[in-house]
Amino acid sequence: MSRPDPKILTRHFGEERLHELETYRRLGGYEGLRQALSLGREKIRAEVAKSNLRGLGGAGFSAGLKWSTVPPEEKNPGPRFVVANCDESEPGCFKDRVLVDRAPHQLLEGLLIAAYAIDARHAFIFIRGEYAVQYRILEKALAQAEAAGLAGRDVLGSGFFCRVSLMRGAGAYISGLDTALLETMEGKRAWPRQPPPFPTAFGLMGRPTVVHNVETLSMLPHIALRGGEWFAGLGTAKSGGTALFSVSGHVERPGVYEFPMGTPLREVIAAAGGVRAGRKLKAVIPGGVSTPVLTAEEIDVAMDFEGPRAKGSFLGAGGVIVLDDTTDMAAVAHNIERFFCHESCGQCTPCREGSYWHERILQRGLEGGGTAEDLATLSRVGENIAGKVICALGDTVGVVTRAMMKKFPEDFKARFPESRG
Ligand SMILES: Cc1cc2nc3c(=O)[nH]c(=O)nc-3n(C[C@H](O)[C@H](O)[C@H](O)COP(=O)(O)O)c2cc1C
Ligand code: SF4
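Described below are features of the structure shown in this document. Just so you know, these numbers come straight off a predicted model, no measurement behind them.

1. Side note on the site of ligand 1
- Close to ligand 1 lie 22 residues; G55, G57, G176, N213 and T216 are nearest.
- Counting only elements with at least two residues in the shell around ligand 1, the list comes to strand 4 (209-213) and helix 16 (392-396).
- With three residues, strand 4 is the largest single contributor of residues to the shell around ligand 1.
- Residues belonging to the shell around ligand 1 are distributed by class as follows: nine nonpolar, nine polar and four charged.
- Domain assignment of the residues forming the shell around ligand 1 places at least three in each of domain 1 (21-234) and domain 3 (329-415).

2. Considering the site of ligand 2
- Neighbouring residues of ligand 2: 14 residues in total, closest C345, C348, C351, C391 and G394.
- Of all elements in the fold, only helix 14 (349-366) and helix 16 reach the threshold of two or more residues within the shell around ligand 2.
- Partitioning the shell around ligand 2 into residue classes produces nine nonpolar, four polar and one charged.

3. Describing the sheet that holds strand 11 (residues 319-324)
- On the basis of which strands lie adjacent, the open sheet formed by five strands has the order 6-5-11-8-9 and mixed pairing. Whereas interior strands pair on both sides, the edge strands pair on one side only; in this sheet they are strand 6 (255-260) and strand 9 (294-295).
- Sheet topology note: the strand 5 (residues 242-249)/strand 11 ladder contains four bridges and is parallel. Across the sheet, the residue bridging to S246 is G319, located in strand 11.

4. Notes on the packing of helix 14 against helix 15 (residues 372-383)
- Interaxial distance between helix 14 and helix 15 falls to 10 Å at its minimum, and their mutual angle equals 165°. Here helix 14 lies roughly antiparallel to helix 15, going by the angle between them. Our pair here, helix 14 against helix 15, has a crossing hand that is left-handed. The segment helix 14 lies against helix 15, with G354, W357, H358, I361, R364 and G365 engaging D374, T377, L378, V381 and G382.
- Grouping the amino acids of the contact of helix 14 with helix 15 by side-chain chemistry returns four nonpolar, five polar and two charged.

5. What to know about the pairing of strand 4
- A large share of strand 4 lies buried, amounting to five of its five residues.
- With burial as the criterion, each face of strand 4 is covered, one bearing T209, V211 and N213 and the other bearing V210 and H212.
- The sheet contact formed by strand 1 (residues 81-86) and strand 4 spans five bridges and is parallel. When the sheet's bridge partners are listed, N85 is paired in strand 4 with N213.

6. Structural notes on the environment of R121
- Mapping R121 onto the fold places it in the loop between helix 6 (104-118) and strand 2 (122-127).
- Between the C-alpha atom of R121 and that of E383, which follows or precedes it by 262 residues, the distance is 45 Å.
- If we skip the residues at most four places from it in the chain, R121 touches P79, F161, C162 and R163.

7. What to know about the pairing of strand 1
- Of all six residues in strand 1, six are buried, a share of seventy percent or more.
- With burial as the criterion, each face of strand 1 is covered, one bearing F81, V83 and N85 and the other bearing V82, A84 and C86.

8. A short note on unusual backbone geometry
- Cis peptide bonds are those with omega within 30 degrees of zero, and the linkage from P195 to P196 qualifies with -5°.
- Between P196 and P197 the backbone carries a cis peptide bond, its omega angle lying at 0°.
- In this fold, P197 is placed in the loop between helix 8 (178-185) and strand 4.
- Non-glycine residue D154 carries a positive phi angle of around 50°.
- Along the polypeptide, D154 turns up in the loop between helix 7 (132-147) and strand 3 (163-168).

9. Regarding the packing of helix 2 (residues 31-39) against helix 9 (residues 214-226)
- Packing of helix 2 against helix 9 leaves a shortest axis separation of 8 Å and a crossing angle of 55°. In this view, helix 2 runs oblique relative to helix 9, as classed from their interaxial angle. When you trace helix 2 past helix 9, the crossing you get is left-handed. Mapping the contact onto sequence places E31, G32, L33, Q35 and A36 in helix 2 and L220, P221, H222, A224 and L225 in helix 9.
- For the contact of helix 2 with helix 9, a count of residues per class yields six nonpolar, three polar and one charged.

10. Some words on the environment of F198
- Within the element layout of this structure, F198 appears in the loop between helix 8 and strand 4.
- Overall, the presence of 17 C-beta atoms within 10 Å leaves F198 in the partly exposed class.
- Placed 122 residues apart in sequence, F198 and N76 show a C-alpha to C-alpha distance of 15 Å.

11. Let's talk about the sheet that holds strand 1
- The parallel open sheet is built from four strands, whose spatial order is 3-2-1-4. With partners counted over all chains shown, the strands left at the sheet margins are strand 3 and strand 4, one partner each. The average angle at which neighbouring strand axes cross in this sheet is 20°, direction not considered.
- Helix-sheet contacts for helix 6 involve strand 1, strand 2, strand 3 and strand 4, and the interaxial angle to strand 1 is about 150°.

12. As for helix 14
- Taking 1.5 Å of rise per residue, 18 residues should cover 26 Å, and helix 14 covers 25 Å from first to last C-alpha, within 8% of that figure.
- Contact partners of the buried residues in helix 14: helix 13 (329-343), helix 15, helix 16, helix 17 (399-407) and helix 18 (409-415).
- Of the residues one or two after helix 14, G368 is the one with positive phi, at around 95°.

About the thresholds
- Residues numbered from 1 in each chain as written.
- Chains lettered and ligands numbered in written order.
- Predicted model: local features only at pLDDT ≥ 70, side-chain atom pairs only at ≥ 80, totals over all residues.
- Near = placed C-beta within 6 Å.
- Helix = DSSP H or I, 4+ residues; strand = E, 2+ residues; numbered from the N terminus.
- Nonpolar A, V, L, I, M, F, W, Y, C, P; charged D, E, K, R; others polar.
- Domains from an automatic or database assignment.
- Pairing = 2+ DSSP bridges.
- Axes fitted to C-alpha atoms, helices over the stretch in contact; angles between N-to-C directions.
- Parallel < 35°, antiparallel > 145°, perpendicular 65-115°, else oblique.
- Left-handed = near helix turned anticlockwise from the far one by under 90°.
- Contact = placed C-beta atoms within 7 Å.
- Buried ≥ 20, exposed ≤ 12 C-beta atoms within 10 Å, placed from the backbone.
- Expected span 1.5 Å × (residues − 1).

Bear in mind that shape data such as this cannot, by itself, settle questions of function.
Here it is, written out as structure tokens:
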């Protein structure tokens, strides 16, 4: 049976000047914001709750549920904020960059809807420092939106006031984690906070703050216009709508592809032209380097927040990395652990030292000095990190390597033999 092929976020990507306000509005842009303003706060929140929209920054937390944890004004009077997380630093993920490149107004519109829904008068877009071009695109789009009365004072003549500010990061992967991002925005070192409290209760400057990924926010205009039920119906029982997949690695056509939630991974890979040069598929990292690897036999998995989990992995932020039969998984594990070691903020000893041990031991294997005992050490060190650290970066250290060791033991045996003759 052929599946429906709805495109939500990328539907108008064929339009060359979609980044311009005029084109965006001609195609119905900012009508979702108008609709949200006319529905009122409660109703738009109810539509988002109905939509089964899950956070597309990696954790998959329900957007409706997150909004419901923002304390009402009477219980916690004072400012509240919305932050668009455009830090996108997970290797294998590049969909937020494409969303900003092609449809910056879609993001701004979603941001304003979220701000309206939780009664925030100040919204931010935090963008990674390396995305200099995208920063300029957003600067221009914001100026256009302000000049047209879509952001700032009296949004669309509704009386709603929302100032939007752009902030640039300084190149740390960890500042994409919401609590570290808030620290960075406050001008401090990007050290994750230990929740609770969560940002919706104690966020930017200690005020209630909703942090959302760029893709999550970009969905909101469409939910406002077409309703939560429509959106939920496009996906699976627990993951509404569509998702963007950044497909890279050994495929013919790397790029960003939009599919309904629950689409088999096999179809996503096929859309990218399949494995390069007719080679054989060896493995797929389904959601960015923090997500455990799948084998070639596991690619019929449904790509929603439940599917990869049933196989011991995660949907993450949809960064699909395809690896063909020329790949040495021990080298891939080393590459990933080296990244974690470099990006660990150093607050927690198990993460700081454990990631360093992984990097060094795997390096020794690649240089020809590894033994089977090293593999046991890697497992022991790795199993003693998760749950003993502040954030999910530390929880991930070693997990990726152990999945690779389990699923591709031959690659590790070759680097870490029982005896060196
Ligand atoms: C180490 C680490 C890095 C992260 N980096 C990002 C990021 O670059 N962009 C992002 O949207 N979320 C990132 N997240 C997830 C955020 O902490 C947070 O869950 C997300 O921004 C919430 O938005 P959502 O509900 O729309 O997914 C990261 C999480 C971790 C543990
Ligand atoms: S787990 Fe790692 S990255 Fe997270 S706070 Fe601790 S040291 Fe920093």
